[in-house]
Amino acid sequence: MFQEIIRTLSVDGVRYGYRVLPYDRSGGADPATEPALVLGGALQGMYGWPQMDDHLGPATDVVTADLPGMGSADPLPPGPSAGLLRRAVLAIADDLGIPRLNLFGFSYGTAIAFGFAQHHPERVARLALGGVPTHIDEAQVDCWERARQLLAGGDLDGFAALAADALMCLDPERPVHRRELARRYVRRSFLHALTHSPHAADSLYRALADRPDFSGGLSGVPALVFAGEHDTVTSPERQREFAGTIEGSRFLTVPESDHWVVLERAVEVAELVSGFFLEGTPSAGPVTLPRQAGAPAGRT
């Protein structure tokens, strides 16, 4: 693989950047599919997707981004941000000089990816969405309000712990692969971002306050939607209902995982998404994954 390329852009006066891991064209071979752009959660920036580099890098260009409000980018301006974020994605596609791209959105990034596909279906070759937060219940709203108060009071450790737990399934009767490892990683990631990014707190506030819009349906774009079987942010049943609004889409659940399926099942998710982007359709068979080493059946 070639050395990565970092590009800086601006939209509506807001500076942001994206990263390209170029496909190796030195042998004269063309990429197997369109470039793949990965959009993650509220604090997941351009350097958080090594598994996608590994699985898609040998086949096409892999693109990740610090969109406005994320990572090294400028903070989002006041007011609704959905339109600005869609324009930021469009500017990346235009800057790459490509007619279409493969688009993978996870969690917070699903709203950006889905909205972009609705407004610019001609620019999207395939759409993969994971952990789609289509419905946030009142208990979660209350939990996030407590987390917000901790953050406003300067209790970063308390916020990181509560926020991580709110995004995970902690029921011991529901097996989640590498649950404690993912839990510690998410807590550290929140704490690191809040400590080192000047506008991480604002980004989190915006992610919590801006209710994403997943209405309106979609047609003309091949789509895959997947959820961890124990996702407690939005249930797999509700995510399946959302997938039904996308014409011709396929929905899958990934066993022994929750909302953080991209951490708990990183390799399997990368294989699922890359297979969809390369072949246009996921495997027709069920997703079968190994249990965590040393865990008894049904437990982690």
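Everything below is about the structure shown above.
Since the model is a prediction, treat every value here as computed from it, not as a measurement.

To continue, consider the sheet that holds strand β8 (residues 250-254). The sheet built from eight strands is open, its strands ordered β1-β2-β4-β3-β5-β6-β7-β8 with mixed pairing. The open sheet is flanked by β1 (5-11) and β8, the only strands paired with a single partner. Averaged over neighbouring strand pairs, the angle between their axes works out to 20° when direction is ignored. Here seven bridges tie β1 to strand β2 (residues 14-21), and the two strands are oriented antiparallel to one another. Within β2, the position partnered with R7 by the bridge is Y18. The strands touched by helix α2 (residues 82-96) within the sheet are β1, β2, β3 (36-39), β4 (62-66) and β5 (101-106), with β2 carrying the most contacts at an inclination of about 45°.

In the structure shown here, the tally under the stated rule is nine aromatic pairs. Centroid distance F106 to W260: 5.7 Å. Interplanar angle 50°. Geometry classified as tilted. Of this pair, F106 sits in strand β5 while W260 sits in the loop between β8 and α9 (261-264), placing them 154 residues apart in sequence. We classify F106 as buried; its relative accessible area is 0%. One aromatic cluster is present, formed by W49, F104, F106, F226 and W260 through successive ring pairs.

Turning our eyes to something else, we now look at the pattern of salt bridges. Under the criterion given, the structure shown has 15 salt bridges. E34 is the partner of R126 in a salt bridge, and the nearest nitrogen-oxygen pair spans 3.0 Å. With a gap of 92 residues between them, R126 in strand β6 (residues 124-130) and E34 in the loop between β2 and β3 connect regions that are remote in the sequence. If you follow the salt bridges from partner to partner, you end up with D165, E180, R183 and R187 in one network.

Moving on, we come to the side chain of R86. Within the fold, R86 resides in helix α2. Buried charge without a salt bridge: R86, with D213 as the nearest opposite-charge side chain at an N-O distance of 7.6 Å. A distance of 3.4 Å separates the side chain of R86 from the side chain of H119, its partner in a polar contact.

The rules behind these values
- Residues numbered from 1 in each chain as written.
- Predicted model: local features only at pLDDT ≥ 70, side-chain atom pairs only at ≥ 80, totals over all residues.
- Heavy atoms only, no water.
- Pairing = 2+ DSSP bridges.
- Helix = DSSP H or I, 4+ residues; strand = E, 2+ residues; numbered from the N terminus.
- Axes fitted to C-alpha atoms, helices over the stretch in contact; angles between N-to-C directions.
- Contact = heavy atoms within 4.5 Å.
- Phe/Tyr/Trp six-rings, centres within 6.5 Å; stacked < 30°, edge-to-face > 60°.
- Buried < 20%, exposed > 50% of the residue type's maximum accessible area, 1.4 Å probe, protein only.
- Salt bridge = Lys/Arg side-chain N within 4 Å of Asp/Glu carboxyl O.
- Lys, Arg positive; Asp, Glu negative; His and termini not counted.
- Polar contact = N/O pair within 3.5 Å; in protein donor to acceptor, adjacent residues only side chain to side chain.

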